[in-house]
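Per-entry structural report
Each chain, written out:
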Amino acid sequence: MSLYNPHNGNPAAKHTRNAAIIFILLLFALATIFPIYFMLISSFGDPVEAGAMNYSLFPSKISFESYKFFFDYSEYSLRWLLNSLFVAAVVTVSNVFFASMAGYAFSKIKFKGRTALFTLLLVAMMIPYQVTQVPLYILIVNIFQIQNTYSALILPGLVTVYNIFLSKQFMSSIPNEVLECAKIEGCNQFQVYFKIILPLSKTVLAVMAILTFMDSWNTFFWPFLVTNTMDMQTIQVGLKNFRFANTTYFAPMMAGATISALPMFILFFSLQKYFLQGVTVGAVKG
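Predicted model only: the values in this text are computed from it and were never measured.

Looking now at the pattern of salt bridges. A full pass over the atoms with the stated rule returns one salt bridge. A salt bridge links Lys68 to Asp72, with the shortest nitrogen-to-oxygen separation between them at 2.8 Å. Pair noted here: Lys68 and Asp72 are both in helix α2 (residues 65-73), with a separation of four residues, about one helical turn. Each member of the pair, Lys68 together with Asp72, is exposed.

Below, the structure is given as structure tokens:
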């Protein structure tokens, strides 16, 4: 309570409190922004300074040679970006479609075992991601034998339990009376879903799309496991090709990291309001 005490009778205490809060918040902001700033200034370094990186906080010169070096280094540099874009786009679309359908079924359609099935999904969501990597790898590589393909990159992420949970919580807040009116007018379940549920769920669909795209774009471990040729690597995996046993092409690697981060910056700043709405989606009902 003291944090929000207005200190009406003591202006000095109020100013001191506000200054302390601002100072702490600035420290957190600097700690968050510094890695991005260091990545950006490092990308303007000279590519030949791979083994002599001085880690300066201010660039001694501005050069775009590292960006040129990034694209000239491998014939697959551009393809890494295209692979990431294709995989992230397909995973995003499939999650929005399938998760919203599942959320509608769990929230508005009464069927036997609905509660038990949804509870099972929640239990699955609590299992750490790393625990499932070994059995998933065996399933994809040894049983399905689709290693080093787009299918191997996409199939494990077609739909996530978190998105199902998110859509179910949001759609539970849609009044049942609206759906009953649609059914009285002769709409079947698919018509209710496409004509009523989806238009009313634009906010949660946008949140799911943003979070899913970001997660798929930034994933490193799974693409690293299932790809073994450079032409199938995503940008996050492709950046490791700039690191060797005795040296690292530091500036070109940071240039590639900056390029790979651009879609995330654009996505965040253009759709920032949906991120803020996503914090409270499904948290308040009524």
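What follows concerns unusual backbone geometry. In this model, Gln145 sits at a positive phi of 55 degrees, which is unusual for a non-glycine residue. Tracing the chain through its elements places Gln145 in the loop between α5 (133-143) and α6 (150-154). Judged by its relative accessible area of 62%, Gln145 is exposed. One non-glycine residue, Asn148, adopts positive backbone phi at about 65 degrees. Position of Asn148 relative to the elements: it lies in the loop between α5 and α6.

On to a nonpolar patch on the surface, then. A cluster of nonpolar side chains, contributed by Phe23, Ile24, Leu27, Phe28 and Leu30, occupies part of the molecular surface with about 550 Å² of accessible area. Position of Ile24 among the secondary structure elements: in helix α1 (residues 11-42).

Looking at the largest pocket, its volume works out to about 960 Å³. If you go around the largest pocket, you meet 30 residues; those closest to its centre are Tyr129, Pro156, Gly157, Thr160 and Asp215. Those elements that place two or more of their residues in the lining of the largest pocket are α3 (77-108), α4 (114-125), α5, α7 (161-171), α10 (202-218) and α11 (221-226). Per-element tally for the lining of the largest pocket: the top contributor is α10, with five residues.

Let us look at the side chain of Thr92. Mapped onto the elements of the fold, Thr92 is located in helix α3. Taking relative accessible area as the criterion, Thr92 reaches 9% and is therefore assigned buried. Those residues within four positions of Thr92 in sequence are excluded, and the remaining contacts are Ala209, Thr212 and Phe213.

Moving on, we come to the confidence of the model for the chain. Confidence in the prediction for the chain averages 86 pLDDT; 89% of positions are at 70 or higher. Summarising per-element confidence for the chain, the mean pLDDT is lowest in helix α14 (residues 272-278) (68) and highest in α6 (95).

Cut-off values and rules
Residues numbered from 1 in each chain as written. Predicted model: local features only at pLDDT ≥ 70, side-chain atom pairs only at ≥ 80, totals over all residues. Heavy atoms only, no water. Salt bridge = Lys/Arg side-chain N within 4 Å of Asp/Glu carboxyl O. Helix = DSSP H or I, 4+ residues; strand = E, 2+ residues; numbered from the N terminus. Buried < 20%, exposed > 50% of the residue type's maximum accessible area, 1.4 Å probe, protein only. Patch = residues over 30% accessible without salt bridge, like charges linked within 9 Å, V, L, I, M, F, W, Y side chains within 5 Å. Areas by Shrake-Rupley, 256 points an atom, 1.4 Å probe, with all protein chains shown as cover. 1 Å grid on protein atoms, 1.4 Å probe; cavity = no way out; pocket = protein on both sides within 12 Å on 5 of 7 lines; lining within 4 Å. Points joined across faces, edges and corners; volume = space filled by probe spheres on them. Contact = heavy atoms within 4.5 Å. pLDDT = per-residue confidence, 0-100.

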